[in-house]
Each structure stands twice: as C-alpha cells, then as structure tokens.
Amino acid sequence: MTGTALPTDLTLGIDKLDEQHAGYFHLVEKVEAAAMSQEPCHVVQETLDVLIDYIDEHFSTEKAMMVETDYPELKPHQQEHVYFVRRIMDISEDLRDGDCPVKNGMLEFMKDWFTNHILTTDTRLVAYLKSR
Ligand SMILES: [Fe+2]
Ligand SMILES: [Fe+2]
C-alpha cells in the first residue's frame, strides 16, 4: 500500500513490517478524511472496518514471525495486539450504534497507540529478528 511515507524514526528496517505500518497510517488518514467530511456515519464505519481488516492482517504477519522464530516475548506482544483490536472494535460498534461523528480523541488514540507500539514493542521484536 502506498500513499503515506513512514517517518524515519518509525522505520524499523524490515521491509514487510515497514510497509504494513505505513499502510496503517495511510488508512487512518482515510478514516480521518471520512470523519472530517460530511459523509454519513456508515461511510466512516466502512473505512474503519477496512482498517480493522488491515490491522488483523498486520498482526497476523507479526505473529507468524514470532512463532517461526520462537520469540520469547510472543505472549505480551500478542496481548498488546488483542487490547488494541478490542479498542478499535469498540469504536466501530459505537459508530454502528449511531455515535457519530467520531468521538473526540479516537483518531489521536489510533495514531498514538500505534506509534508507541512501533517504537517500543515492535522495535524489540525487530531487534530480535535481526539478531538471528
Ligand atoms: Fe507492527
Ligand atoms: Fe506489534
């Protein structure tokens, strides 16, 4: 997926993960654009659901890498993923229930959580993968 360059400080050096992280931010921008426009609520939710599928795919990619390499921090890393997916699903449900426009702070949460996860948890995973 193209369209949004990943800032240098978030580039970890494993192409597949860097591309997926960039893809995530690209889709967040789409959600943001839908949320800021006069689009009906269901359009915002549809863009968010595309993002949810994408997150799922990305987390599956990381899980496969962790399983394949016997990563010792697999469980806590997975728990962070599970927490995040739950939060995003909650937001999607709120939208479905008509809680629209998008809640204040939702987009900030989506950007901040993911950025922080890349800078800490994913960074440790990539260091491990590179050290092998
Ligand atoms: Fe990641
Ligand atoms: Fe991760």
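A. Region of interest: the packing of helix α1 (residues 15-36) against helix α2 (residues 41-68). The contact between α1 and α2 brings their axes to 9 Å, and the two run at 170°. Judged by the angle between their axes, α1 and α2 are roughly antiparallel. The way α1 lies across α2 gives a crossing that is left-handed. On α2, the residues that touch Lys16, Gln20, Gly23, Tyr24, Leu27, Val28, Lys30, Val31, Ala34 and Ala35 of α1 are Val43, Val44, Thr47, Leu48, Val50, Leu51, Tyr54, Ile55, His58 and Thr61. Taken together, the residues of the contact of α1 with α2 break down into 13 nonpolar, five polar and two charged.

B. Region of interest: α1. End to end, α1 covers 31 Å across 22 residues, agreeing with the expected 32 Å (1.5 Å per residue, within 8%). Within α1, burial applies to Leu17, His21, Gly23, Tyr24, Phe25, Leu27, Val31, Ala34 and Ala35. The inward-facing, buried residues of α1 abut α2 and α4 (106-131).

C. Layout of the nonpolar core. Judged by nonpolar contacts, the single largest core of 15 residues is most densely connected at Val31, Val44, Leu48, Leu51 and Ile91. Those elements that provide at least two residues to this core are α1, α2, α3 (74-96) and α4. Among residues more than four places away in sequence, those in contact with isoleucine 91 are Leu48 and Met106.

Procedures and definitions
All residue numbers here refer to positions counted from 1 along the written sequence of the relevant chain. Chains carry letters from A onward and ligands carry numbers from 1 onward, assigned in written order. Restriction of local features to residues with pLDDT of at least 70 applies here, the model being predicted, together with a cutoff of 80 or more for giving and counting side-chain atom pairs; totals for whole chains, interfaces and linings are based on all residues. Axes, fitted as lines to C-alpha atoms, cover a helix only where it is in contact. Angles between the N-to-C directions of the axes lie from 0 to 180 degrees. The helix count covers DSSP runs of H or I at least four residues long, the strand count covers runs of E at least two residues long, and both are numbered beginning at the N terminus. Here roughly perpendicular refers to angles of 65 to 115 degrees, roughly parallel to angles under 35, roughly antiparallel to angles over 145, and oblique to all remaining angles. Take the far helix as the reference: if the near one is turned anticlockwise from it by less than a right angle, the crossing is left-handed, and if turned clockwise, right-handed. By definition, residues are in contact whenever their C-beta atoms, placed on the basis of the backbone, come within 7 Å of each other. Charged residues are taken to be Asp, Glu, Lys and Arg, nonpolar residues to be Ala, Val, Leu, Ile, Met, Phe, Trp, Tyr, Cys and Pro, and polar residues to be all remaining types, Gly included. Each helix should span, by expectation, one fewer than its residue count multiplied by 1.5 Å. Counting other C-beta atoms within 10 Å of a residue's C-beta gives its exposure: the residue is buried at 20 or more, exposed at 12 or fewer, and partly exposed in between, where C-beta atoms are placed from the backbone. Each nonpolar core consists of buried Ala, Val, Leu, Ile, Met, Phe, Trp, Tyr and Cys residues. Their C-beta atoms, within 7 Å, join them into a set.

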